[in-house]
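Per-entry structural report
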Amino acid sequence: SQPNGAIEKFDPGDLRSLVINVSFNFDHVNAACDAAKKAFRPWADMGLDGRKNYLLKLKEVYMAHADELAETISREVGKPLWEAKQEAQTMINKIDVTINDALKLVEDVRVDNASGPVPGFLRFKPRGIMAVIGPFNFPGHLANGHIIPALITGNTVVFKPSELSPAVGQLMAQLFEKAQFPKGVFNMIQGNGEVGKRLVMHDAVEGVLFTGSYETGFRIKQDILPHFWKICALEMGGKNASVVWDDCDIPKAIYENLVGAFVTAGQRCSATSRIVVRRSISDKFISKYHDAAKKFSIGYAFENPFMGPLINGAAVDKYLRFQGIAKRENCEPLMRGKVLELPRDGYYVTPSINIVSKVDPNSTYQKSEIFGPNVAIYIVEELQEALSVINTSSYGLALSVFTKDRKTYEQCLKYSRVGIVNWNRSTVGASSRLPFGGMGKSGNNQPAGTFAIYSVTYPVSSLEDSSPLDLGKAMPGMNLDSEIFK
């Protein structure tokens, strides 16, 4: 049949360089879901050891193609090569972490005397076909973080990469093929938002695993509302804060907050977008932070800068638009973000910093996720003020606290409504060996990290009674004649 559309993807760091051109067809949704449905029962019945062997073979294939993975990531999304290599390594590590750490969370459990003397058992079963909708910012790692737990527990997968990163999805499909997975266990389809909508709404799909923007996640939730039984694990945005207190190690706080705000050009859900600094050190911190932010190398991925481009022209437009919004809402522009002209034509911008004089929960700038290299700085007197700033956001993903005093950290840990709290570490760079997810508009069901294993399984409770019938314990009024049971 004729394709319903095509995706032409150019390198955001060199707009003359075509990365991939792929066509897509709405019919592929049905074909992929049918293949996944046929493959599910044999894959689930293979047993953990059998599935583990396939995943370990995939790890070998990932390792053999790590450079190709990293280079494809860099070309497609503009991520500096050093960072793309980290992403490829994280994809490799995810397989070991899932096998060695996450699987422990879904081991069989025996409960003695669960009902009188009868023992009870808890077992986790695969859900079935899992739809994975991937993001562009970590096109390999974040999709892989859903796929590996789904497969190891006996589910089959239909994966739709972001239309902004189709080449990484295409390469991943080729690597699964090299690992010789049984037909239909892993399926990849390309496409736009309409393809994604048809996939998540498909009757055969039992669960949706999504990483991306709040707006897209909200639409997915709306689309599958009639299918209320489907697990819908959403890892969405953030408006993450960092508290810099007066007793902190200032050089470390500066470094960690530079990384938190500006790595990946701010295109991380866990990026630091608000810094809350105590007034007594605010002049010193802000001056040094500003000076350091002016020194970044920004450029083409393969020249290994600190910061590459934004993903596309729409992202640049949004980033620049928020510079104006911040100014109109009475924020002081300490460092203006602007388009950067480089020898290679691309979506390059400079970092930006704004000083916020007053907390306003209705401020468009203060409440919106910009997804670019911008950070807002708030100056406060007391910790209660800092906590108020943190909890003003409708997002609730990550928080950093820079202090030498554990009690200050514990106050922030206790009273902040976020899923991740780091002490003297930036908001970015989460551990794969811990749960990952947030509160509020940041998502639900802790969809990443080790807890991803819960989104792809469901618990089955059993009472297992091997004792003979004792008529002496029959319920009152049944008037049972023992002759009946002879």
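Up top is the structure these notes are about.
Given the structure is predicted, the values throughout are model-derived calculations rather than measurements.

1. Considering the sheet that holds strand E9 (residues 231-235)
Spatially, 5 strands are ordered E7-E6-E5-E8-E9 in an open sheet, and the strand pairing comes out parallel. Edge positions in the sheet fall to strand E7 (186-188) and E9, since each of these pairs with one other strand and no more. The average undirected angle you get between the axes of adjacent strands in this sheet is 15°. Where strand E8 (residues 205-211) lies against E9, 5 bridges are found, and the strand directions are parallel. Within E9, the position partnered with Val208 by the bridge is Cys232. Together, strand E5 (129-133), strand E6 (156-160), E7 and E8 form the strand contacts of helix H1 (residues 27-45), whose direction differs from that of E6 by roughly 150°.

2. Description of helix H3 (residues 66-77)
In this model, H3 (12 residues) spans 16 Å end to end at C-alpha, consistent with the 16 Å of a helix rising 1.5 Å per residue. On its buried face, H3 is in contact with strand E1 (5-11), strand E2 (14-24), helix H2 (48-64), helix H4 (81-100) and helix H6 (166-178). Backbone geometry just after H3 places Gly78 at a positive phi near 80°.

3. Observations regarding unusual backbone geometry
Located in the positive-phi region is Gln180, a residue other than glycine, with phi close to 60°. Tracing the backbone shows Gln180 in the loop between H6 and E7. Under the relative-accessibility criterion, Gln180 is labelled exposed at 57%. For Asn479, which is not glycine, the phi dihedral falls at a positive 55°. Its place among the elements puts Asn479 in the segment after strand E21 (457-463).

4. What to know about empty space enclosed by the protein
All chains considered together, the criterion is met by 3 cavities of 30 Å³ or more. The volume enclosed by the largest cavity comes to roughly 100 Å³. Lining the largest cavity are 14 residues, with Gly266, Ala271, Ser273, Ile370 and Phe371 positioned closest to its centre. When grouped by side-chain class, the residues that make up the lining of the largest cavity number 4 nonpolar, 7 polar and 3 charged.

5. Examining the packing of H2 against H6
Look at H2 against H6: their axes get within 9 Å of each other, and the N-to-C directions meet at 125°. For the element pair H2 / H6, the angle class is oblique. Crossing geometry of H2 relative to H6 is assigned as right-handed. Counting all contacts with H2, which are made through Lys57, Leu58, Val61 and Tyr62, the residues of H6 involved are Met172, Leu175, Phe176 and Lys178. A class-by-class count of the residues in the contact of H2 with H6 yields 6 nonpolar, no polar and 2 charged.

6. Quick look at the pattern of salt bridges
Within the structure shown, the criterion is met by 17 salt bridges. The salt bridge involving Asp14 is made with Arg344; its shortest N-O contact spans 3.4 Å. Here Asp14 is found in strand E2, whereas its partner Arg344 is found in the loop between strand E12 (332-335) and strand E13 (352-356), with 330 residues between them in sequence. When its relative accessible area of 10% is taken as the criterion, Asp14 is described as buried. For Glu382, the salt bridge goes to Arg278, with nearest N and O atoms at 3.4 Å. Taken as a pair, Glu382 in the loop between strand E14 (374-380) and helix H13 (383-392) and Arg278 in strand E11 (residues 272-278) lie far apart in primary sequence, 104 residues in all. A residue is classified by how much of its surface remains accessible, and Glu382, at 44% relative accessible area, is partly exposed. Here the salt bridges share partners, and the residues they tie into one network are Asp14, Arg16, Glu303 and Arg344.

Rules used in this analysis
- Residues numbered from 1 in each chain as written.
- Predicted model: local features only at pLDDT ≥ 70, side-chain atom pairs only at ≥ 80, totals over all residues.
- Heavy atoms only, no water.
- Pairing = 2+ DSSP bridges.
- Helix = DSSP H or I, 4+ residues; strand = E, 2+ residues; numbered from the N terminus.
- Axes fitted to C-alpha atoms, helices over the stretch in contact; angles between N-to-C directions.
- Contact = heavy atoms within 4.5 Å.
- Expected span 1.5 Å × (residues − 1).
- Buried < 20%, exposed > 50% of the residue type's maximum accessible area, 1.4 Å probe, protein only.
- 1 Å grid on protein atoms, 1.4 Å probe; cavity = no way out; pocket = protein on both sides within 12 Å on 5 of 7 lines; lining within 4 Å.
- Points joined across faces, edges and corners; volume = space filled by probe spheres on them.
- Nonpolar A, V, L, I, M, F, W, Y, C, P; charged D, E, K, R; others polar.
- Parallel < 35°, antiparallel > 145°, perpendicular 65-115°, else oblique.
- Left-handed = near helix turned anticlockwise from the far one by under 90°.
- Salt bridge = Lys/Arg side-chain N within 4 Å of Asp/Glu carboxyl O.

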